[in-house]
Amino acid sequence: MLERSDKKKSRWLHALAVISLVFALLLMGVNIYGLTQPIRKPGLGVTDHDKLRFIPEQVWSYEDSLSAINALDATLPRSEFASAANRVVNQSLVHVSWNEVDPREYRQLVPFWENYFLWAIGKFSGLPQFERYHYSNHKRNLERGIGICGDASTILSSIMDDYGIPNRIISFRGHVIVEYERENGEFELIDPDFGVELGMTLDGLLENPETAKEKYLAAGYSEKESENLRRVYQTRYFVFDDTFHFMSKRYIFETVSYWMKWLMPALLILVSVVYLVRRSTRKGAGKDLAHAN
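This is a predicted model, so every value here is computed, not measured. Numbering of residues starts from 1 in every chain and runs along the sequence as written. Local features in this predicted model are restricted to residues whose pLDDT is 70 or higher, and side-chain atom pairs enter the listing and the counts only when it is 80 or higher, whereas totals over whole chains, interfaces and linings include all residues. Excluding hydrogens and water, the side-chain figures rest on all heavy atoms present in the structure.

Asker: Whenever I open this one, the packing of helix H9 (residues 209–218) against helix H10 (residues 223–232) confuses me. Can you help?
Answerer: The angle between the axes and the distance between the axes are what describe a pair of packed helices. For helices, the axis comes from a line fit to the C-alpha atoms of the stretch in contact; other axes are also lines fit to C-alpha atoms, and the angle between any two N-to-C directions lies between 0 and 180 degrees. Secondary structure elements are taken from DSSP: a helix is a run of H or I of four residues or more, a strand is a run of E of two residues or more, and numbering for both begins at the N terminus. Running from N to C, H9 and H10 point in directions that differ by 150 degrees, and their axes come no closer than 9 Å. Regarding the angle of H9 to H10, the classification is roughly antiparallel. In this structure, H9 meets H10 at a crossing whose hand is right-handed. Within the contact between the two elements, H9 uses Pro209, Glu210, Lys213, Tyr216 and Leu217 and H10 uses Glu223, Ser226, Glu227, Leu229 and Arg230. Our angle categories are set so that under 35 degrees counts as roughly parallel, over 145 as roughly antiparallel, 65 to 115 as roughly perpendicular, and the remainder as oblique. Left-handed describes a crossing whose near helix is turned anticlockwise from the far helix by less than a right angle; the clockwise case is right-handed. Contacts: residue pairs with any heavy atoms within 4.5 Å of one another.

Asker: Would you take a moment to explain the nonpolar core for this structure?
Answerer: Ranked by size, the top nonpolar core spans 21 residues in total, and within it Leu72, Leu156, Ile159 and Met160 carry the most contacts. Of all the elements in the fold, those that place two or more residues in this core are helix H2 (62–70), helix H3 (78–92), helix H7 (149–162) and strand S5 (175–181). Looking at this core, the element that brings in the most residues is H3, giving six residues. When sequence neighbours within four positions are dropped, the list of residues in contact with Leu156 reads Ala85, Asn86, Val89, Val178, Ile190 and Pro192. For this analysis, a nonpolar core means a set of buried residues of the types Ala, Val, Leu, Ile, Met, Phe, Trp, Tyr and Cys, connected via side-chain atoms within 4.5 Å. Relative accessibility decides the category of a residue: with a 1.4 Å probe and only protein chains considered, values under 20% of the type maximum give buried, values over 50% give exposed, and everything between is partly exposed. If you look at the next biggest cluster of nonpolar residues, it comprises 16 residues, including Ile170, Ile177, Leu205 and Leu229.

See below:
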């Protein structure tokens, strides 16, 4: 009876190993397929103007954006570098009406083939932050090509970090901007979402938001938009050291999930193959012993 139980257990383990191997190979296939797929909506900023808020004169491809970032001149004075980096970020993102566009069409719901962990949470958890996901990784944000103020600010902050320029992310109720440090130790504010250099410190902005409004008006934004920003700059704000500080939990989870989407199927394949090979070897050895007897 004990022998029969062992055989039954062995059959179950064999079936589990086979199922795990097939499942892992399917996941690995999905991952490999995902490498060939863009996470940017086809025709972004070209065929869908009615659904967008800000559209660059020419919508750059992901490759164009990376080339422009890599071409930034680190020897420039920081104010000039910040201005150039601000233009790159502003040119690289199409500002969508975040809660109005189709989350699948615009890849706000992370596609299954891009990251099945993030997809599953967005699909089944009911959590809005995953149903319309903001990447913490600035290159994925650039690759998707859409964003709002928080996305633009984390991209600019990450670029400045890569070039060794001290900066912070300033989050008001309704808008996010970046503050960077000049060579003389003074800080200046910059708005990559609107592409506007405010040319003042945070204290200066808080004391005189009317000056900021004039900057937006001079950049061509409407009275209504500029007045709204003036009011936003009178609300409570929070200061974050970098993108990690700005979205710590998401940063960690996103990073881990992108490792695990490869590691999990790889481990399942390894464990399943090792088990099946050992089982086959033991079975073969058992038959040889039976024949010898």
